[in-house]
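Take a look at the letters that make up each chain.
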Amino acid sequence: MGKKSKGKTNSSDKRKIVSKQSAKETVCNLQPEQLEQSETQETQATHDPHATPRARLNIASNAQSTITGIVTPGQLLAGRYKVVKELGSGGMGMVYQATDGNLEDRLCAIKVLPPDLAKEEAAVKRLRREALAAIELHHSNIMAVHSFDTDKDISFIVMEFLDGPNLDVAIADRGKLPLDEVIQIANQVCPALDFANERGVIHRDIKPANLMYKSVGDKQVVKITDFGIAYQIRESTGRLTGQDTTAGTIHYVPPEQLTGAKPDARSDQYSLAASL
């Protein structure tokens, strides 16, 4: 009496086992969200660097996927782009502010691909294809993609520099936006989305973090960023790591896309509606 039988698990041990299993499941379930969070940090990188950072982002949770030291300030890429400073990092790569020496030192943003991804020829080809499609999208409410380039073992995408913030940060800082402002955003973004979709270009990851402000005179223009590029980096990273990175951002992705259905213009429309 009072002794525990060998081979049996008491209630305390059972609780510990269940607790460990729950913790393991929680970690597995968080992996896509951690990747999403690092991508949000990276998207914010094209903001005014003096803007108040979004304190809610947990940088530590992405420590293992953060990439640092690939490019240094002052470095010249492809004999043309001079790196000014690092703007942000995440699982989707590093983003830097740079100047274009061929265009009178025009400011631009450079997204450097993760080293492991840059070594995969098939992944680089897919990203180059997406970048080339985005380059053809000339619209005042779509962030311009200038080129996809390489410098030795560094692959990078050159984009329009936006002073931000993105809509995700604006909501975090200000709370729920007034209805009239939401309508103004929709009036800018909807025609841009139609413009891309009519040309067969699907974004596949519309969300507040990919809707960014740019100051134009005394106006704030809203632009769609990362057409197809973030999606391809996410997918390629998933292939390399074997992890489910989710084809889109979970809070805004349409249900059918989660089941593996091919996204189309309707997918972008759903995601935009969820974002607004």
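Residues numbered from 1 in each chain as written. Predicted model: local features only at pLDDT ≥ 70, side-chain atom pairs only at ≥ 80, totals over all residues. Heavy atoms only, no water.

Asks: In this structure, what is going on with the overall build of the protein? I would like to understand it.
Replies: The secondary structure content of the protein amounts to 8 helices and 8 strands. Scored against the burial criterion, the 276 residues of the protein give a buried share of 48%. The contacts of the protein with a sequence gap of at least 6 include a subset with a gap of at least 24, amounting to 62%. In the structure as shown, the protein presents an accessible area of about 14,600 Å², 51% of it carried by carbon and sulfur atoms. (Helix = DSSP H or I, 4+ residues; strand = E, 2+ residues; numbered from the N terminus. Buried < 20%, exposed > 50% of the residue type's maximum accessible area, 1.4 Å probe, protein only. Contact = heavy atoms within 4.5 Å. Areas by Shrake-Rupley, 256 points an atom, 1.4 Å probe, with all protein chains shown as cover.)

Asks: Can you help me understand helix 4 (residues 167-174) in this one?
Replies: An α-helical turn contains 3.6 residues, so any two residues separated by three or four positions project in the same direction. Among the residues of helix 4, those classed as buried are Leu 167, Asp 168, Val 169, Ala 170 and Ala 172. The N-terminus of helix 4 is capped by Asn 166, whose side-chain oxygen sits 3.0 Å from the backbone nitrogen of Asp 168. A positive backbone phi angle near 85° is found at Gly 175, which sits one or two residues after helix 4. (Polar contact = N/O pair within 3.5 Å; in protein donor to acceptor, adjacent residues only side chain to side chain.)

Asks: Which parts of the structure should I look at to understand the confidence of the model for the protein?
Replies: It should be kept in mind that the predicted coordinates are not to be read in detail where pLDDT is low. In the predicted model, the protein carries a mean pLDDT of 75, and 66% of its residues have values of at least 70. Low confidence marks residues 1-9, where pLDDT is under 50. Its contacts with residues over four positions away, or in another chain, come to 3 contacts. The model gives residues 11-68 a pLDDT under 50, and that stretch makes 96 contacts with residues more than four places away or in other chains. (pLDDT = per-residue confidence, 0-100.)

Asks: Can you walk me through helix 3 (residues 121-135) in this structure?
Replies: The end-to-end C-alpha separation of helix 3 is 21 Å, in line with the 21 Å expected for 15 residues at 1.5 Å each. Every buried residue of helix 3 is accounted for by Ala 123, Val 124, Arg 126, Leu 127, Glu 130, Ala 131, Ala 134 and Ile 135. (Expected span 1.5 Å × (residues − 1).)

Asks: Could you clarify how one ought to interpret the environment of Pro 73 in this entry?
Replies: Structurally, Pro 73 is set in the loop between helix 1 (11-44) and strand 1 (76-77). Setting aside residues up to four positions removed in sequence, Pro 73 forms contacts with Val 83, Val 84 and Lys 85.

Asks: Is there a simple way to explain the packing of helix 5 (residues 179-198) against helix 8 (residues 265-275) in this structure?
Replies: Each pair of packed helices can be described by the angle between their axes along with the distance between the axes. Helix 8 packs onto helix 5 with a crossing angle of 165° between their chain directions and a minimal axis gap of 10 Å. Between helix 5 and helix 8, the angle is such that the two are roughly antiparallel. As for how helix 5 packs across helix 8, the hand of that crossing is right-handed. Here Val 189, Cys 190, Leu 193 and Asn 197 of helix 5 lie close against helix 8, whose contacting residues are Ala 265, Asp 268, Gln 269 and Leu 272. Classifying every residue of the contact of helix 5 with helix 8 by side-chain character gives 5 nonpolar, 2 polar and 1 charged. (Axes fitted to C-alpha atoms, helices over the stretch in contact; angles between N-to-C directions. Parallel < 35°, antiparallel > 145°, perpendicular 65-115°, else oblique. Left-handed = near helix turned anticlockwise from the far one by under 90°. Nonpolar A, V, L, I, M, F, W, Y, C, P; charged D, E, K, R; others polar.)

Asks: Where do I start with the nonpolar core in this structure?
Replies: Counting residues in hydrophobic clusters, the biggest one holds 39 residues, and the most contacted among them are Ile 224 and Phe 227. Of all the elements in the fold, those that place two or more residues in this core are helix 3, strand 5 (145-151), strand 6 (154-160), helix 4, helix 5, strand 7 (211-216) and strand 8 (219-224). Ranked by residue count, the leading element in this core is helix 5, at 7 residues. What Ile 224 contacts, discounting residues up to four positions off in sequence, is Asn 141, Ile 142, Met 143, Val 189, Ala 192, Leu 193, His 203, Ile 206, Asn 210 and Leu 211. (Core = buried A, V, L, I, M, F, W, Y, C linked by side-chain atoms within 4.5 Å.)

Asks: Got a minute to help me understand the pattern of salt bridges in this structure?
Replies: Side chains carrying opposite charge are able to pair once their charged atoms draw close together. Under the counting rule described, the total for this entry stands at 8 salt bridges. Salt-bridge contacts for Lys 214 lead to Glu 160; the nearest nitrogen and oxygen are separated by 2.8 Å. Residue Lys 214 is found in strand 7, and its partner Glu 160 is found in strand 6; the two are separated by 54 residues along the sequence. Assessed through its relative accessible area of 9%, Glu 160 is described here as buried. (Salt bridge = Lys/Arg side-chain N within 4 Å of Asp/Glu carboxyl O.)

Asks: Quick question: what am I supposed to make of the packing of aromatic side chains here?
Replies: Two numbers describe a pair of aromatic rings. These are the distance of the centres and the angle of the planes. Applying the stated criterion across every chain, the model contains 1 aromatic pair. Ring plane angle 80° and centroid distance 6.0 Å describe the contact between Tyr 81 and Phe 156, whose orientation is recorded as edge-to-face. Note that Tyr 81 is positioned in strand 2 (residues 81-90) and Phe 156 in strand 6, a separation of 75 residues in sequence. No difference in accessibility class separates Tyr 81 from Phe 156, as the two residues are buried. Just above the ring of Phe 195 sits the side chain of Arg 199; from NZ or CZ to the centre is 3.6 Å. (Phe/Tyr/Trp six-rings, centres within 6.5 Å; stacked < 30°, edge-to-face > 60°. Lys NZ or Arg CZ within 6 Å of the ring centre and 35° of its normal.)

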